[in-house]
Amino acid sequence: MRGNHSGMLCPNLITLCLSSSAGVIGFAALNLSKEIQKRRTFAIISHPDAGKTTLTEKLLLYGGAVQLAGSVTARKNQRATTSDWMELERKRGISISSTVLQFEYAGYLINLLDTPGHKDFSEDTYRVLTAVDSVVMVIDSAKGIETQTRKLFEVCRQRGVPIFTFMNKCDRPMRDPLNLLDELERVLGIGAFPVNWPIGTGFDFKGVYDRRAKQVSLFERTVGGKYRAPVTIGSFDDPIIRNRLDPETYRKVAEELEMLDLAGESFCEKAVLDGTTTPVFFGSGVNNFGVQMLLDGFLKHSPPPRPRAMEESIIEPENPAFSGFIFKIQANMDPKHRDRIAFLRVCSGRFERDMMVTHPRSGKKVRLSSSHKLFGNERETVDQAFPGDIIGLVGLSDFGIGDTLTTDPTIRYREIPRFTPESFAYLHNSNTAKFKQFRQGLDQLLQEGVIQVLNLRNVPIRVPLLAAVGPLQFEVVKFRLESEYGAESRLEPAPWSVVRWLPPELGEAELDALSLPTGAKIALDMGDHPVALFQNEWSANYFSETNKSIPLSALPVASSIE
């Protein structure tokens, strides 16, 4: 470079360098914004058996991620990856773990988080809901809103997550569609706008009417629902449509549509994004009726990655600093390697493989070299990712649930809710010769964060006391210890149903001096904080009355997510 006599760069050259640098920065920001806008990250929630896993498979079918789709109970001959991967899931036909499925469709890059439906695994589901920008709520049209649906809906409402509703199994005996809409508004307190409307119900289900496009889609069944359902599209007054319907069905649907236009909820984009109105789609996941309409409508009206709150500030996805948080840890997704994978939701900036980030909880710098894009239990190396993406990080044992990873040390998310265990059981090592495998397996499963271990005070022999939201979690631990670590174990029910945290500053002498009701015990949690175990709520209340100076907390006083 040629400088002037004072050794400084030529002013014209400085201007050129600055404008070139600004152009690179501007292009990077533009590219980041473009990548953000094309992404959709959502979960499917439902009560067990409402058809959530089946709908997940059908969305993959229409998204081109699989060529064949089948019901949960007929997977042996399927060619492609499905969302339930653990052996126990395959045996029971239920979803236990949450998995990530990423695919492209119609110019969008979709991150679909499949979640457990069973109430005993609700803690895993609640954590997944912290990582999504919207949800699809699946309702069995014969049963309406069920217990678990209501609980998961409340979690979404508290977080302001937009909700899209799929009324499933319309080709089986179902409740009156108007009654289902009324229940949504009355029980859940949310406005309901039916995007489409069923033409006939149960075994007379013929298809749906798209209220916004003013078109009818008549469906034909396919063998086992394995392929995309062919459709016939026309207006409601089209002779082809009228000839396919009996006069009574035609009259009834016409009256219902007129009623909805006059008295029903109006469609408001802002209300959908605010979570106060849910677009409702009718169909049948198992036979592919209405699945593509749901997918297209969802992508059109759901939000791209949203800003994340961080105490007193908001982190926008376009923030150039990379940041994300870990919402799930899973051991042994790959039986060949017996490794541990941390699921990270990217919240801002651009992720690049081998980048150095700060781990604020420990203050350490960490290189993220082993990063993967996920599809069920399959994985491939990912070199870059953007806000909304879910990536799997392998081989980093220091990470915990709720941890932030970022290039800006001032960013620290507190997204993960805490849950109070309601079930307790002793876990005995059945084979002392396999103690090492038993201990190693239990330690790794504890890192996943869905069970805790409590240690009773003043007992001669320490047996792990498991604590979880639901008892089925214990069965999963027992099964996985044997199948993944070769360690047999035995479960023994424990007599408690209530746990409360004591002030952490209490010393040994103070703990010994506590007046405990019959059957109550003092234990230490995994952070060595004292807890009190009670047989029922009455016992916990009695403790509070007899130990008025000792406050009890239903949640940990100190958390590993600090």
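Residues numbered from 1 in each chain as written. Predicted model: local features only at pLDDT ≥ 70, side-chain atom pairs only at ≥ 80, totals over all residues. Heavy atoms only, no water.

**Quick notes on the pairing of strand β3 (residues 108-114)**
Regular strands have side chains that alternate between both faces of the sheet.
Consideration 1: Of all seven residues making up β3, six are buried, and the element is well covered by its neighbours.
Consideration 2: Note: strand β1 (residues 39-46) against β3, six bridges, orientation parallel. Note on β3: the bridge partner recorded for A43 is L113. (Buried < 20%, exposed > 50% of the residue type's maximum accessible area, 1.4 Å probe, protein only. Helix = DSSP H or I, 4+ residues; strand = E, 2+ residues; numbered from the N terminus. Pairing = 2+ DSSP bridges.)

**Quick notes on the sheet that holds strand β27 (residues 489-493)**
Consideration 1: The sheet built from seven strands is open, its strands ordered β27-β24-β26-β25-β29-β30-β28 with antiparallel pairing. Where the open sheet ends on each side, the last strands, each with one partner, are β27 and β28 (498-501). For this sheet, the mean angle separating the axes of adjacent strands, direction not counted, is 40°.
Consideration 2: As judged from the two bridges shared by strand β25 (residues 451-456) and strand β29 (residues 521-524), these two strands associate in the antiparallel manner. Note that in β29 the partner of N455 across the bridge is L524. (Axes fitted to C-alpha atoms, helices over the stretch in contact; angles between N-to-C directions.)

**Some points on unusual backbone geometry**
Consideration 1: Positive phi outside glycine occurs at D49, with the angle close to 75°.
Consideration 2: What makes D49 exposed here is its relative accessible area of 63%.
Consideration 3: Here the phi dihedral of D528 falls at roughly 65°; this positive angle occurs in a residue that is not glycine.
Consideration 4: Note on placement: D528 falls in the loop between β29 and β30 (530-534).

**Details of helix α2 (residues 52-62)**
Consideration 1: The element α2 is largely enclosed, with a buried count of eleven among its eleven residues.
Consideration 2: When α2 is considered as a whole, its buried residues turn out to be K52, T53, T54, L55, T56, E57, K58, L59, L60, L61 and Y62.
Consideration 3: Phi for G64, located one or two positions after α2, is positive at around 80°.

**So, the pattern of salt bridges**
Consideration 1: Tallied over the full model, the rule gives 22 salt bridges.
Consideration 2: In this structure, D176 and K252 form a salt bridge, with 4.0 Å as the shortest nitrogen-oxygen distance. Placement of D176 in the loop between β5 (163-168) and α6 (177-187) and of K252 in helix α8 (residues 247-263) is noted, with a sequence separation of 76 residues between them.
Consideration 3: Where R361 meets D403, a salt bridge forms, and the shortest distance between an N and an O atom there is 2.8 Å. Pair noted here: R361 is in the loop between β17 (355-359) and β18 (364-368) and D403 is in the loop between β22 (390-394) and β23 (404-406), with a separation of 42 residues, a long-range link.
Consideration 4: Looking at R361, the relative accessible area reads 37%, which means it is partly exposed.
Consideration 5: Judged by its relative accessible area of 3%, D403 falls in the buried class. (Salt bridge = Lys/Arg side-chain N within 4 Å of Asp/Glu carboxyl O.)

**Remarks on the environment of P517**
Consideration 1: Among the structural elements, P517 can be located in the loop between α13 (508-512) and β29.
Consideration 2: A relative accessible area of 6% means that P517 is categorised as buried.
Consideration 3: In this structure the C-alpha to C-alpha distance between P517 and Y542, which are 25 residues apart in sequence, comes to 7.0 Å.
Consideration 4: Contacts of P517, omitting those with residues within four sequence positions, involve F534, S539, Y542 and F543. (Contact = heavy atoms within 4.5 Å.)

**Quick word on the environment of R306**
Consideration 1: Mapping R306 onto the fold places it in the loop between α10 (291-301) and β12 (308-310).
Consideration 2: Taking the C-alpha atoms as reference, R306 lies 8.2 Å from C347; in sequence the two are 41 residues apart.
Consideration 3: There is a polar contact of 3.1 Å between the side chain of R306 and the backbone oxygen of G160. (Polar contact = N/O pair within 3.5 Å; in protein donor to acceptor, adjacent residues only side chain to side chain.)

**Points about the side chain of N168**
Consideration 1: Topologically, N168 is positioned in strand β5.
Consideration 2: Assessed through its relative accessible area of 4%, N168 is described here as buried.
Consideration 3: Not counting the four nearest positions on each side in its chain, N168 is found in contact with A50, G51, V138, I139, D140, S141, G283, S284 and G285.

**Digging into the confidence of the model for the chain**
Consideration 1: Confidence in the prediction for the chain averages 83 pLDDT; 82% of positions are at 70 or higher.
Consideration 2: Taken element by element, the chain is modelled with least confidence in helix α3 (residues 87-92), mean pLDDT 53, and with most confidence in β5, mean pLDDT 98.
Consideration 3: Taken together, the stretch residues 93-98 has pLDDT below 50 and engages in 32 contacts with residues farther than four places along the chain or on a different chain.
Consideration 4: Long-range and interchain partners of residues 558-562, a stretch whose pLDDT sits below 50, account for twelve contacts in this model, where long-range means more than four residues apart. (pLDDT = per-residue confidence, 0-100.)

**Quick notes on the nonpolar core**
Consideration 1: With 107 residues, the main nonpolar core has V136, L184 and L368 as its most contacted residues.
Consideration 2: The residues touching V136, leaving out its near neighbours within four places in the chain, are F42, A43, I44, I45, L55, F164, F166, L294 and F298.
Consideration 3: Judged by nonpolar contacts, the second largest core, of 16 residues, contains L427, V450, V453 and L466. (Core = buried A, V, L, I, M, F, W, Y, C linked by side-chain atoms within 4.5 Å.)

**Quick notes on helix α12 (residues 472-485)**
Consideration 1: Over its 14 residues, α12 extends 19 Å from the first C-alpha to the last, a length consistent with the 20 Å expected when each residue adds 1.5 Å.
Consideration 2: Turning to α12, its buried residues number three or more, namely L472, Q473, F474, V476, V477, R480, L481, E484 and Y485.
Consideration 3: Among the residues trailing α12, G486 stands out with phi positive, at a value near 70°. (Expected span 1.5 Å × (residues − 1).)

**Thoughts on the pairing of strand β8 (residues 207-210)**
Consideration 1: The pairing of strand β7 (residues 196-199) with β8 spans four bridges and is antiparallel. Note that in β8 the partner of I199 across the bridge is G207.
Consideration 2: Linking β8 to strand β9 (residues 215-219), which pair antiparallel, is a turn of four residues; within it K214 sits at a positive phi near 55°.

**Considering the packing of α2 against α10**
Consideration 1: Direction vectors running N to C along α2 and α10 enclose 75°, while the axes themselves pass 10 Å from each other. Classified by the interaxial angle, the pair formed by α2 and α10 is roughly perpendicular. Note on element contacts: α10 touches α2 through V291, Q292, L294 and L295, opposite L55, K58, L59 and Y62.
Consideration 2: Classifying every residue of the contact of α2 with α10 by side-chain character gives six nonpolar, one polar and one charged. (Parallel < 35°, antiparallel > 145°, perpendicular 65-115°, else oblique. Nonpolar A, V, L, I, M, F, W, Y, C, P; charged D, E, K, R; others polar.)

**Looking at the sheet that holds β7**
Hydrogen bonding along the main chain pairs the strands of a sheet, whether they run parallel or antiparallel.
Consideration 1: The antiparallel open sheet is built from four strands, whose spatial order is β7-β8-β9-β10. Edge positions in the open sheet fall to β7 and β10 (231-234), since each of these has one partner strand only. Put simply, the sheet's adjacent strands are angled 25° from each other on average, direction ignored.

**Some thoughts on the packing of aromatic side chains**
Consideration 1: Per the counting criterion, the structure on display carries 14 aromatic pairs.
Consideration 2: Look at Y209 and F236: their rings are 5.8 Å apart centre to centre, the planes differ by 65°, and that puts the pair in the edge-to-face class. Of the two residues, Y209 sits in strand β8 while F236 sits in the loop between β10 and α7 (239-244), which places them 27 residues apart along the sequence. The exposure classification of Y209 matches that of F236, with both residues buried.
Consideration 3: The interplanar angle of 70° and the centroid separation of 6.4 Å between the aromatic rings of Y426 and W496 together place this pair among those described as edge-to-face. One end of the pair, Y426, is in strand β24 (residues 423-429); the other, W496, is in the loop between β27 and β28, and 70 residues separate them in sequence.
Consideration 4: Residue classification places W496 among the buried positions, given a relative accessible area of 6%.
Consideration 5: These aromatic residues form a ring-pair network of at least three members: F42, F164 and F298.
Consideration 6: Here R242 stacks its cationic end above the ring of Y250, 4.2 Å away from the centre of that ring. (Phe/Tyr/Trp six-rings, centres within 6.5 Å; stacked < 30°, edge-to-face > 60°. Lys NZ or Arg CZ within 6 Å of the ring centre and 35° of its normal.)

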